[in-house]
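# Summary of structural features
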Amino acid sequence: ICSLQRVIAAPVDGFVHQVSVRPGETVKTGQVLVALEDQDLALERERWDAEAAQLDKQYREALSKDDAAQIVIARFKLEQAQAQRELALRQLERAQLKAPFDGVVLSGDLTQSIGMPVKRGQELLTIAPDKSYRVVAEVDEQDVSQLKVGQTSHVLFAGLLSQPVGFKVSRVAPVATTLEGRNVFEVEGRLDAADASLRAGLRGVAKIDVDERSLGEVWWTRASNWVRRTWWRVVG
């Protein structure tokens, strides 16, 4: 079982100033998770605030004198200063890393990293919507041809043996991966219902409903496929 995750990355280069959450804690939309040092950004904003105020005064004086050339120059400089001030404001806001939705923190314990430098794009936290999970089943390549999107399925988790949980197939991976010496395809699905006992990382056994066939027919099909592959290897 996997949770639907969102990575919270550093928007700018900086230093960790404050950390408000740890893995396992729930968060609300807009809650500040991590704050980066913003002293330099605050000074930059104040500088452009003062610059814009001074240029606005010059622009008004040019208007009062009806000096066309000075009006154009003063207005251009004022618009530049205002744009720089807006940029500083946006960077200051981005120094506050906030939760994009209600959820739970999965990873990223930064409580011991106060003052640590971070680079733009560096992953800091991973959060997931609370009680929102997807199942990833590993299906042998011999059986993947029987699967398609929309099939009903059930999974019984090893740590929760009370009852199976239902899900529907939402995606069948187009490319196989190697697992313990065999090729498998990842089959994904969203859980039909949320359960407070579910946790990311749980493993279990999934059953996907396909067309009805007897056990003997299933084994005969597999054996026939194995014989065909072996014969092809031998005769070339």
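Predicted, not measured: the structure shown is a model, and the values here were computed from it.

Across the sheet, 4 strands lie side by side as S2-S9-S7-S4; this open sheet has antiparallel pairing. This sheet does not close on itself; its edge strands, each paired only once, are strand S2 (6-9) and strand S4 (26-27). Here strand S7 (residues 103-107) pairs with strand S9 (residues 123-129) via 4 bridges, running antiparallel. Bridge pairing links Val104 to Ala128 in S9.

On to unusual backbone geometry, then. The backbone phi angle of Asp66 is positive, close to 55 degrees, even though this residue is not glycine. Given a relative accessible area of 65%, Asp66 falls into the exposed group. Positive phi outside glycine occurs at Glu180, with the angle close to 50 degrees. Positionally, Glu180 belongs in the loop between strand S13 (177-179) and strand S14 (182-191).

Read across the sheet, 4 strands follow the order S6-S5-S3-S8 without closing on themselves; strand pairing throughout is antiparallel. Whereas interior strands pair on both sides, the edge strands pair on one side only; in this sheet they are strand S6 (96-98) and strand S8 (117-118). Where strand S5 (residues 32-36) meets S6, 3 bridges bridge the pair, whose relative direction is antiparallel. Each bridged residue has a counterpart across the sheet, and for Val34 the counterpart in S6 is Leu97.

In terms of nonpolar packing, the biggest core is built from 22 residues, with Leu33, Val34, Leu36, Leu124 and Leu125 touching the most fellow members. What Leu125 contacts, discounting residues up to four positions off in sequence, is Arg6, Val7, Ile8, Val21, Leu33, Val34, Val105, Ser107, Gly108 and Leu110. If you look at the next biggest cluster of nonpolar residues, it comprises 9 residues, including Trp48, Leu55, Ala62 and Ala81.

Going through the model one piece at a time under the given rule, you end up with 8 salt bridges. Among the salt bridges present, the one from Glu44 reaches Arg47, with a minimum N-O distance of 3.4 Å. On the criterion of helical spacing, the pair formed by Glu44 and Arg47 is a turn pair, its members being 3 residues apart in helix H1 (residues 39-65). With a relative accessible area of 44%, Arg47 lands in the partly exposed category. Among the salt bridges present, the one from Arg182 reaches Asp140, with a minimum N-O distance of 3.2 Å. In this pair, Arg182 is assigned in strand S14 and Asp140 in strand S10 (residues 133-140), connecting sequence segments 42 residues apart.

Calculation rules
Residues numbered from 1 in each chain as written. Predicted model: local features only at pLDDT ≥ 70, side-chain atom pairs only at ≥ 80, totals over all residues. Heavy atoms only, no water. Pairing = 2+ DSSP bridges. Helix = DSSP H or I, 4+ residues; strand = E, 2+ residues; numbered from the N terminus. Buried < 20%, exposed > 50% of the residue type's maximum accessible area, 1.4 Å probe, protein only. Core = buried A, V, L, I, M, F, W, Y, C linked by side-chain atoms within 4.5 Å. Contact = heavy atoms within 4.5 Å. Salt bridge = Lys/Arg side-chain N within 4 Å of Asp/Glu carboxyl O.

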